[in-house]
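So the chains spell out like this:
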Amino acid sequence: MAKTEKIINYTFFHWGPFLYKTSLKQEEIEKIKNLCSKKLKYYTKNLAGLIKHEHEIDEKKLFPIISPYIQSYTKAYLDCWYHGTEPLGNKVNLEKAWVNYMTKFESNPMHSHDEDLSFVIYTKIPTELKKEYHESKGNTRPGAINFVQSLNDHENLIN
């Protein structure tokens, strides 16, 4: 019997580096939540966040859950961004993974990631935060994630 490919809906944004957005199934989010614990190794010293609880996640257990999404990203990258002309390589490694247990007044300041691919998975968004987000005005809203492309990155992309 032939293996059927999982269909993953996504959106991508034209702004600089390839930015891809999708949603995981609830059962996948639950599996990821089961990998997260405040009892795991603190990871705060390695991160930029102003967050009390940041803990390492076992990337070997996380990767099988997110692997279909990495494959979808790769396909979208080639189909939509480079039209199949630029290879990404034949192997993806998940180097590090961690969970941020953010509470009110905690934040992540602007920072950079040196890795080839970075991602964020939101496992729980409080109802109050959704309401606060929609009621606020301006470019920086509570709970928002912002992406910035530096001039140096842009120069590297066009040269």
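What you see is a predicted model, and the numbers here were worked out from it, not measured in a lab.

Here is what the cut-offs are and how they apply
Residues numbered from 1 in each chain as written. Predicted model: local features only at pLDDT ≥ 70, side-chain atom pairs only at ≥ 80, totals over all residues. Heavy atoms only, no water. Helix = DSSP H or I, 4+ residues; strand = E, 2+ residues; numbered from the N terminus. Buried < 20%, exposed > 50% of the residue type's maximum accessible area, 1.4 Å probe, protein only. Salt bridge = Lys/Arg side-chain N within 4 Å of Asp/Glu carboxyl O. Core = buried A, V, L, I, M, F, W, Y, C linked by side-chain atoms within 4.5 Å. Contact = heavy atoms within 4.5 Å. Phe/Tyr/Trp six-rings, centres within 6.5 Å; stacked < 30°, edge-to-face > 60°. Lys NZ or Arg CZ within 6 Å of the ring centre and 35° of its normal. pLDDT = per-residue confidence, 0-100.

Undergrad: I tried to follow unusual backbone geometry on my own but got confused; where do I start?
TA: Positive phi, normally seen in glycine, also occurs at Phe105, with a value near 80°. If you trace the backbone, Phe105 turns up in the loop between β4 (98–101) and α3 (127–135). The exposure class of Phe105 is exposed, given its relative accessible area of 79%.

Undergrad: I'm lost on the pattern of salt bridges in this one. Help?
TA: In a structure, side chains of opposite charge can pair up when their charged atoms sit close to one another. Going through the model one piece at a time under the given rule, you end up with 3 salt bridges. In this structure, Lys96 engages Glu56 in a salt bridge whose closest nitrogen and oxygen atoms are separated by 3.6 Å. Here the residue Lys96 occupies a position in the loop between α2 (59–81) and β4, and Glu56 occupies one in strand β3 (residues 53–56), the gap between them amounting to 40 residues. One salt bridge in this structure joins Lys131 and Glu135, with 4.0 Å as the shortest N-O distance. Separated by 4 residues within a single helix, Lys131 and Glu135 lie in helix α3, roughly one turn from each other. Of the residues examined, Glu135 reaches a relative accessible area of 55% and is grouped as exposed.

Undergrad: Just to check I follow, could you spell out the nonpolar core for this structure?
TA: Generally speaking, nonpolar side chains in soluble globular proteins are found buried as a group. Counting residues in each nonpolar core, the largest one holds 20 residues, and the members touching the most others are Phe18, Tyr20, Ile32, Ile57, Leu62 and Ile66. For this core, the secondary-structure elements that each account for two or more residues are α1 (26–35) and α2. Other than its neighbours up to four places away in sequence, Leu62 contacts Ile32, Leu35, Ile57, Leu94, Ala97 and Phe119.

Undergrad: What exactly am I supposed to notice about the packing of aromatic side chains here?
TA: A ring pair, where both rings are aromatic, is described by two values, the distance of the centres and the angle of the planes. Here the structure, examined in full by the defined rule, presents 7 aromatic pairs. Summarising the aromatic geometry, the rings of Phe18 and Tyr20 are spaced 6.4 Å apart at their centres and angled 45° between planes, so their arrangement reads as tilted. On the basis of relative accessible area, Phe18 is assigned to the buried category, the value being 10%. The buried category is assigned to Tyr20, whose relative accessible area is 17%. With centroids separated by 5.6 Å and ring planes inclined at 80°, the aromatic side chains of Tyr20 and Tyr73 adopt a geometry described as edge-to-face. Taken together, the residues span a long stretch of sequence, with Tyr20 in strand β2 (residues 19–22) and Tyr73 in helix α2 at a distance of 53 residues. Each of the two residues, Tyr20 as well as Tyr73, counts as buried. Directly above the ring of Tyr101 sits Lys38, whose terminal nitrogen or CZ lies 5.1 Å from the centroid. Here the guanidinium or amino end of Arg141 rests over the ring plane of Tyr133, the centre of that ring lying 5.0 Å away.

Undergrad: Even after reading the chapter, I still don't get the confidence of the model for the chain, so can you show me in this structure?
TA: The predicted coordinates of low-pLDDT regions are not to be read in fine detail. In the predicted model, the chain carries a mean pLDDT of 83, and the fraction of residues at 70 or more is 83%. Looking at the elements of the chain, mean pLDDT is at its lowest for helix α4 (residues 151–158), recorded as 51, and at its highest for α1, recorded as 97. Every residue in residues 154–159 is under pLDDT 50, and counting partners more than four places away or in other chains gives 4 contacts.

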